[in-house]
Amino acid sequence: MKFSGYTLISSFTPFHCIPLKKPRRLPLDINFKTASKIRRLSTYNQKQQNHCKAEMVVAKYPPPLFSVAPMMEWTDVHYRTLARLISKHAWLYTEMLAAETIVYQEANLDRFLAFPPEQHPIVLQIGGNNLDNIAKATKLANAYNYDEINFNCGCPSPRVAGHGCFGVRLMLDPKFVGEAMSVIAANTDVPVSVKCRIGVDDHDSYNELCDFIYKVSALSPTRHFIIHSRKALLNGISPADNRKIPPLKYEYYFALLRDFPDLKFTINGGINCVDEVSFLTGVNTPICLCCLYLYANAALKAGAHGVMVGRAAYHNPWNVLGHVDTAIYGAPASGLTRRQILEKYQVYGDAILGTYGNDRPNVRDVIKPILGFFYFEPGNSLWKRKADAAFQRCKTVKSFFEEALVAIPDRVLDSTITEAPIGREDLFANVEGILPPPYETREEELVYA
Ligand SMILES: Cc1cc2nc3c(=O)[nH]c(=O)nc-3n(C[C@H](O)[C@H](O)[C@H](O)COP(=O)(O)O)c2cc1C
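The rules we used
Residues numbered from 1 in each chain as written. Predicted model: local features only at pLDDT ≥ 70, side-chain atom pairs only at ≥ 80, totals over all residues. Buried ≥ 20, exposed ≤ 12 C-beta atoms within 10 Å, placed from the backbone. Helix = DSSP H or I, 4+ residues; strand = E, 2+ residues; numbered from the N terminus. Contact = placed C-beta atoms within 7 Å. Pairing = 2+ DSSP bridges. Axes fitted to C-alpha atoms, helices over the stretch in contact; angles between N-to-C directions. Parallel < 35°, antiparallel > 145°, perpendicular 65-115°, else oblique. Left-handed = near helix turned anticlockwise from the far one by under 90°. Nonpolar A, V, L, I, M, F, W, Y, C, P; charged D, E, K, R; others polar. Right-handed = clockwise from strand over helix to strand, strands pointing away. Near = placed C-beta within 6 Å. Core = buried A, V, L, I, M, F, W, Y, C linked by C-beta atoms within 7 Å. Domains from an automatic or database assignment. pLDDT = per-residue confidence, 0-100. Expected span 1.5 Å × (residues − 1). Arc of directions from axis to C-beta.

## Some points on helix H3 (residues 77-86)
Next up, step 1: Counted residue by residue, H3 has ten buried out of ten residues, so it is predominantly covered.
Next up, step 2: Those residues of H3 that sit buried are Val77, His78, Tyr79, Arg80, Thr81, Leu82, Ala83, Arg84, Leu85 and Ile86.
Next up, step 3: Contact partners of the buried residues in H3: strand E1 (66-68), strand E2 (91-98), helix H13 (311-315), helix H14 (317-322), helix H16 (338-352) and helix H17 (363-367).

If you want it as structure tokens, here you go:
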């Protein structure tokens, strides 16, 4: 498959050469009646095959200790190009693509699915509620060599969860999700995962969340779940409010680690400035982006298999992603300055302009992810104003940068990522004290329901 944009020339250190920091797992009590029994009830014998696929990916890439969340209209190919220039190791998720879009746009697939090879490790997220289309879409996407296929069971947008009846609404139909995941796994060569919330409306008990995980993992080869640790409200509040109003309940996430020891769970939601108080009371504190990685490391130290960050990685890509390789993966820093990153990005941007016809993508599309590049730095407001004016005139990324970057002082442009501040890594250390009671399964009832 062809990516028509400029392929970034960068010197990647092979991932297997990098000594990875091994997070210490907390010895949480495990008194769950094991999943091996569940597996026997499963009607699928793909476990072995899937295990091999998973091992293949792990051997090739670093583990997904840190990933950038799927965000519609944000984590497009341009944003991911920028993100990859800043961090070589973060896993990058695409925006959600509806299965129908892939199926009906078969003639234009590169526009939706192609990406530069440097973007590995990369995960495609698809959404849908029609098994035929999900199967066809996965088969078509398989040719693009994504490293994992993720299924969206977390989106509360009325367009998705309402009329389309997919996204988070599917949490109420785990049997369907199990079928969908089996269909996806049958049509791809790579591991599959589910991204979900911790509940929907009044279906928000820990046991209901466990029933969902239990059924989906018993009915399909899904072994990795990304848990956005707040429930979704389908009462008409906006998607943005649905990412703010329902309180975060990380204790559900940590209880899943205890109760499903053979599954992998990535924690998501508000991993940017939780402090102990906000964690224990559910009151969110204001964003404090520079110390995000401390919370990520604290979660990994408390046993999380992976940490996924969304909005913070978009609003402040330099500071949030800049520390990932060193602080999370223990790898050397790239040493690139912002200016050098922008030079590489400009080459990419100018090569991709207009590739898909009708001025698509245009300068505005390509520059959009860069707008947060100087978050909180001197000159940031002026840069935004100059950017607004430059959008009216500039037809190339090069001319755009020439016009707008004068707002930013040289010392900002020529700085590399600063040393990560030292801080507490024990924020989740007391989580055991507030975990919900262990999950009690009614296995026959659940699996055959
Ligand atoms: C603009 C925007 C678009 C999003 N689109 C998706 C999406 O396509 N699929 C998905 O699973 N989640 C989507 N999300 C949710 C994020 O993946 C993530 O779960 C959420 O923002 C919580 O993480 P955070 O607190 O680190 O931002 C979106 C979030 C935002 C802000």
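## A few points about the sheet that holds strand E3 (residues 122-127)
Next up, step 1: The eight strands lie next to each other as E1-E2-E3-E4-E5-E6-E7-E8, forming a closed barrel whose pairing is parallel. Taking each pair of neighbouring strands and ignoring which way they run, the sheet shows an average axis angle of 25°.
Next up, step 2: Here E1 pairs with E2 via two bridges, running parallel. Residue pairing across strands places Ser67 opposite Trp91, the latter belonging to E2.

## A word on the packing of helix H6 (residues 131-142) against helix H8 (residues 174-186)
Next up, step 1: Orientation of H6 relative to H8, taken along the N-to-C sense of each, is 30°, at an axis distance of 8 Å. By the criterion of interaxial angle, the relationship of H6 to H8 is roughly parallel. The handedness of the crossing between H6 and H8 comes out as right-handed. Taken together, the residues of H8 that come into contact with H6 (itself represented by Leu131, Ile134, Ala135 and Thr138) are Glu179, Ala180, Val183 and Ile184.
Next up, step 2: The residue inventory of the contact of H6 with H8, partitioned by class, reads six nonpolar, one polar and one charged.

## A short note on the pairing of E2
Next up, step 1: Within E2, seven of the eight residues are buried, which leaves it mostly tucked inside the rest of the structure.
Next up, step 2: A crossover links E1 with its parallel partner E2, the connecting element being H3, and its sense is right-handed.
Next up, step 3: Relative to E3, E2 runs parallel, the two being bridged by five bridges. Looking at the pairing, Leu92 lines up with Ile122 of E3.

## Things to note about the site of the ligand
Next up, step 1: Around the ligand, a shell composed of 22 residues is seen, among which Ala69, Met71, Met96, Gly310 and Arg311 lie nearest.
Next up, step 2: At the level of elements, E2 and H13 are the ones that each hand at least two residues to the shell around the ligand.
Next up, step 3: Here the residues of the shell around the ligand are counted per class, giving ten nonpolar, eight polar and four charged.

## Describing the nonpolar core
Next up, step 1: Among the nonpolar cores identified, the biggest contains 120 residues, and Ala299, Val307 and Val309 are the most heavily contacted of them.
Next up, step 2: Top contributing element to this core by residue count: helix H9 (residues 206-219), with nine residues.
Next up, step 3: For this core, the domains that each give at least three residues are domain 1 (15-334 + 426-436 + 443-447) and domain 2 (338-413).
Next up, step 4: Beyond its immediate stretch of four places on either side in the chain, Val309 contacts Val68, Ala69, Ile271, Asn272, Leu292 and Val320.

## Considering the pairing of E3
Next up, step 1: Burial analysis of E3 places six of its six residues in the buried class, the great majority of the element.
Next up, step 2: Across the two faces of E3 the burial is the same, with Ile122, Leu124 and Ile126 and Val123, Gln125 and Gly127 all buried.
Next up, step 3: Here E3 runs beside strand E4 (residues 148-153); their pairing, made up of four bridges, is parallel. Residue pairing in the sheet places Ile126 in a bridge with Phe151 of E4.
Next up, step 4: Read as a crossover between parallel neighbours, the route from E3 over H6 to E4 is right-handed.

## Describing the confidence of the model for the chain
Next up, step 1: Residues with a pLDDT of 70 or more make up 78% of the chain, whose mean pLDDT is 83.
Next up, step 2: In this model, residues 8-51 is a region of pLDDT below 50 whose contacts with residues beyond four sequence positions or in other chains number 60 contacts.

## Details of unusual backbone geometry
Next up, step 1: Along the chain, His120 connects to Pro121 via a cis peptide bond; the corresponding omega equals -10°.
Next up, step 2: Omega for the bond connecting Arg360 with Pro361 falls within 30 degrees of zero, at -5°, which places this linkage in the cis form.
Next up, step 3: Summarising the element assignment, Pro361 is placed in the loop between H16 and H17.
Next up, step 4: Positive phi, close to 70°, is recorded for Glu73, a residue that is not glycine.
Next up, step 5: Structurally, Glu73 can be placed in the loop between E1 and H3.
Next up, step 6: A tally of 8 C-beta atoms within 10 Å means that Glu73 is categorised as exposed.
Next up, step 7: With a phi close to 65°, Asp359 is a non-glycine residue in the positive phi region.
Next up, step 8: By the element assignment, Asp359 lies in the loop between H16 and H17.
Next up, step 9: The class for Asp359 is exposed, based on 12 C-beta atoms found within 10 Å.

## With respect to H6
Next up, step 1: The first and last C-alpha atoms of H6 sit 16 Å apart over twelve residues, in line with the 16 Å expected at 1.5 Å per residue.
Next up, step 2: Listed in full, the buried residues belonging to H6 are Ile134, Ala137, Thr138 and Ala141. Down the axis, H6 shows its buried residues gathered within 100° of arc, on one side only.
Next up, step 3: Contacts from the buried residues of H6 go to helix H4 (99-104), helix H5 (109-113), E3, E4 and H8.

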